[in-house]
Amino acid sequence: MQEQPNNPLHGVKLADILNTLVNHYGWDELGDRIKINCFNSNPTIKSSLKFLRRTPWAREKVECLYLKTIKK
């Protein structure tokens, strides 16, 4: 297993990131902050994870918001 001391997301699961954001912002505000359909149209953790795992640009936006949120 490689160490990644400079990667703040190392060891953090995408599901944990999404759950943290949903608990902090709620689906409505999350959909306002990141304009992707899976957050605005019948959002669920399962459907959002499926989309984020297949869509690198959307995942990057979610990860950036997560990093900004945990640093507050």
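Everything below is about the structure shown above.
Residues numbered from 1 in each chain as written. Predicted model: local features only at pLDDT ≥ 70, side-chain atom pairs only at ≥ 80, totals over all residues. Heavy atoms only, no water.

### Focus: the packing of helix α3 (residues 45-54) against helix α4 (residues 56-70)
Right, so step 1: Taken N-terminus to C-terminus, the directions of α3 and α4 make an angle of 115°; their axes are 5 Å apart at the nearest point. In this view, α3 runs roughly perpendicular relative to α4, as classed from their interaxial angle. Contact residues: α3 offers Phe51, Leu52 and Arg54, while α4 offers Pro56, Trp57, Ala58, Arg59 and Val62.
Right, so step 2: Broken down by class, the residue content of the contact of α3 with α4 amounts to six nonpolar, no polar and two charged. (Axes fitted to C-alpha atoms, helices over the stretch in contact; angles between N-to-C directions. Helix = DSSP H or I, 4+ residues; strand = E, 2+ residues; numbered from the N terminus. Parallel < 35°, antiparallel > 145°, perpendicular 65-115°, else oblique. Contact = heavy atoms within 4.5 Å. Nonpolar A, V, L, I, M, F, W, Y, C, P; charged D, E, K, R; others polar.)

### What to know about the state of the cysteines
In protein chemistry, a disulfide is the covalent bond that joins the sulfur atoms of two cysteines.
Right, so step 1: The final tally for this structure, using the stated rule, is zero disulfides.
Right, so step 2: You can see cysteine 38 has no disulfide; the closest cysteine sulfur is in cysteine 64, sitting 16 Å from it.
Right, so step 3: Residue cysteine 38 is classed as buried on the basis of its relative accessible area, which comes to 13%.
Right, so step 4: Owing to a relative accessible area of 38%, cysteine 64 belongs among the partly exposed residues under this scheme. (Disulfide = S-S within 2.5 Å. Buried < 20%, exposed > 50% of the residue type's maximum accessible area, 1.4 Å probe, protein only.)

Read these as spatial facts, not as claims about activity.
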